[in-house]
Amino acid sequence: MTLFGDCCPWAQVSHLISFSATHQLHNKSLSNEENLKLFGKCNNPNGHGHNYKVVVTVHGEIDPVTGMVMNLTDLKEYMEEAIMKPLDHKNLDLDVPYFADVVSTTENVAVYIWENLQKFLPLGVLYKVKVYETDNNIVVYKGE
């Protein structure tokens, strides 16, 4: 029995990558005092860095010929283009145009990654993006 009909079984496939980046939590529409109160030490004017981990999960039918939901080589290439090239060893606030007017919280990093991946993946294949800012701070985004 399959999840959706009688054709092929469905599965989820995930791949993990890591990137390093720096940022400052700061909202330009707030005063410096308001930003400091809201973001605390993460509002340091010189920024701070993280070694982010990102788990991308795709889902779909298991192809009866290949035995795969998606070729992992392709997924790795998409993640390189959508995540590593624009984000790795970057200052998110200065080097990534998306964050010029968007606070570079982990939530917004997850949204950015989702939107970038959507440019490469077939429609409906991306299931979730999970971003580990630290071992204890994790955001899951499913495009909702």
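Computed from a prediction, not measured in an experiment: that's the story for all the values here. (Residues numbered from 1 in each chain as written. Predicted model: local features only at pLDDT ≥ 70, side-chain atom pairs only at ≥ 80, totals over all residues. Heavy atoms only, no water.)

Caption draft 1: Here's a closer look at the packing of helix 2 (residues 72-87) against helix 4 (residues 106-118). Orientation of helix 2 relative to helix 4, taken along the N-to-C sense of each, is 135°, at an axis distance of 9 Å. Taken together, the axes of helix 2 and helix 4 lie oblique to each other. Here helix 2 runs over helix 4; the crossing is right-handed. Across the interface between the two elements, Tyr 78, Met 79, Ala 82, Ile 83, Pro 86 and Leu 87 from helix 2 touch Tyr 112, Ile 113, Asn 116 and Leu 117 from helix 4. A class-by-class count of the residues in the contact of helix 2 with helix 4 yields nine nonpolar, one polar and no charged. (Axes fitted to C-alpha atoms, helices over the stretch in contact; angles between N-to-C directions. Helix = DSSP H or I, 4+ residues; strand = E, 2+ residues; numbered from the N terminus. Parallel < 35°, antiparallel > 145°, perpendicular 65-115°, else oblique. Left-handed = near helix turned anticlockwise from the far one by under 90°. Contact = heavy atoms within 4.5 Å. Nonpolar A, V, L, I, M, F, W, Y, C, P; charged D, E, K, R; others polar.)

Caption draft 2: Fine view of the pattern of salt bridges. Tallied over the full model, the rule gives three salt bridges. Residue Glu 81 is joined to Lys 85 by a salt bridge in which the shortest nitrogen-to-oxygen separation is 2.6 Å. Of this pair, Glu 81 and Lys 85 are both found in helix 2, four residues apart, which corresponds to roughly one turn of the helix. Judged by its relative accessible area of 47%, Lys 85 is partly exposed. (Salt bridge = Lys/Arg side-chain N within 4 Å of Asp/Glu carboxyl O. Buried < 20%, exposed > 50% of the residue type's maximum accessible area, 1.4 Å probe, protein only.)

Caption draft 3: Spotlight on the sheet that holds strand 3 (residues 90-91). Spatially, five strands are ordered 3-1-2-4-5 in an open sheet, and the strand pairing comes out mixed. The open sheet is flanked by strand 3 and strand 5 (138-141), the only strands paired with a single partner. Where strand 1 (residues 10-23) lies against strand 3, two bridges are found, and the strand directions are parallel. Within strand 3, the residue paired with Thr 22 across the bridge is Asn 91. Contacts from helix 2 reach strand 1, strand 2 (48-61) and strand 3, with the element oriented near 20° to strand 1. (Pairing = 2+ DSSP bridges.)

Caption draft 4: Structural view of the packing of aromatic side chains. Evaluated as defined, the whole model comprises six aromatic pairs. Note on Tyr 78 and Phe 120: the rings are 6.1 Å apart at their centroids and 25° apart in plane angle, and the pair reads as stacked. Separated by 42 residues along the polypeptide, Tyr 78 in helix 2 and Phe 120 in the loop between helix 4 and strand 4 (126-132) bring together distant segments of the chain. Here a set of aromatic residues connected by ring pairs shows up, and it is made of Tyr 98, Phe 99 and Tyr 112. (Phe/Tyr/Trp six-rings, centres within 6.5 Å; stacked < 30°, edge-to-face > 60°.)

Caption draft 5: Main features of the UniProt feature "binding site: Zn(2+)" (unreviewed entry) in the protein chain. Here, the residues flagged by UniProt with the feature "binding site: Zn(2+)" (unreviewed entry) are His 23, His 48 and His 50. Sequence-wise these annotated residues cover 28 residues; spatially they are packed, their C-alpha atoms never more than 8.5 Å apart. Positionally, His 23 belongs in strand 1. For His 23, a relative accessible area of 1% puts it in the buried group. Sequence-distant contacts of His 23, that is, excluding residues within four places in its chain, are made with Gly 47, His 48, His 50, Tyr 52, Asn 91, Leu 92, Asp 93, Ser 104 and Glu 133. (UniProt positions renumbered as here; feature names shortened; annotations may be inferred.)

Caption draft 6: Up close: the nonpolar core. Core analysis: the biggest nonpolar cluster contains 33 residues, and Phe 19, Val 54, Ile 83, Ile 113 and Leu 117 have the highest contact counts within it. Those elements that place two or more of their residues in this core are strand 1, strand 2, helix 2, helix 4, strand 4 and strand 5. Setting aside anything within four residues of it in sequence, one finds Leu 117 in contact with Val 56, Tyr 78, Met 79, Ala 82, Ile 83, Leu 126 and Val 129. (Core = buried A, V, L, I, M, F, W, Y, C linked by side-chain atoms within 4.5 Å.)

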